[in-house]
Amino acid sequence: MLIDCPFCGPRESYEFQFLRVLAPSGADAFNEVYGRVNRLDVSMEHWQHRHGCQAWLIIERNPSTAQVLSVTLLRGDRS
Ligand SMILES: [Zn+2]
């Protein structure tokens, strides 16, 4: 799985550390803590480019296929 870091470009996923699944807005606290996958086709996840630029990223991906749909910088990081 390749992750397109906004600073470093496409890198292998082993450079990145998965932190948690982000709950969709409006989700309750239980789902935020315990909901590992929000939907079967799209998962919004919090990752860090641990072995690169250290940037905190929000990665939207399909958990079934591991396809990365989008990579955005976590708001406020390096802005
Ligand atoms: Zn990076």
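Here, residues in each chain are numbered from 1, in the same order as that chain's written sequence. Only residues with pLDDT of at least 70 are given local features in this predicted model, and only at 80 or more are side-chain atom pairs given and counted; all residues enter the totals for whole chains, interfaces and linings.

Visitor: How would you sum up the overall build of the protein? Please name residues and give values.
Guide: Under the DSSP-based scheme used, a helix requires at least four consecutive residues in state H or I and a strand at least two consecutive residues in state E, with every element numbered from the N terminus. A tally of regular secondary structure across the protein gives one helix and six strands. Across the protein, helices and strands are ordered from the amino to the carboxyl terminus as β-β-β-α-β-β-β. Counting across all 79 residues of the protein, residues that qualify as buried make up 11%. When contacts within the protein are restricted to residue pairs at least 6 apart in sequence, those whose partners lie at least 24 apart make up 42%. Counting other C-beta atoms within 10 Å of a residue's C-beta gives its exposure: the residue is buried at 20 or more, exposed at 12 or fewer, and partly exposed in between, where C-beta atoms are placed from the backbone. Once C-beta atoms are placed from the backbone, any two residues with those atoms within 7 Å are in contact.

Visitor: Summarise the nonpolar core; cite the residues concerned and give the values.
Guide: Residues of type Ala, Val, Leu, Ile, Met, Phe, Trp, Tyr and Cys that are buried and joined through C-beta atoms within 7 Å form what is called a nonpolar core. If you look at the biggest cluster of nonpolar residues, it comprises six residues: Ile 3, Phe 16, Trp 47, Leu 57, Ile 59 and Val 71. Setting aside chain neighbours within four positions, we find Val 71 in contact with Ile 3, Asp 4, Cys 5, Pro 6, Leu 57 and Ile 59.

Visitor: I'd love a proper account of the environment of Glu 60, names of residues and values included.
Guide: Checked against the element boundaries, Glu 60 lands in strand S5 (residues 56–62). Judged by the 15 C-beta atoms lying within 10 Å of it, Glu 60 falls in the partly exposed class. Considered as a pair, Glu 60 and Val 42 are 18 residues apart in the sequence and their alpha carbons are 6.6 Å apart. Sequence-distant contacts of Glu 60, defined by excluding residues within four places in its chain, comprise Val 42, Met 44, Leu 69 and Ser 70.

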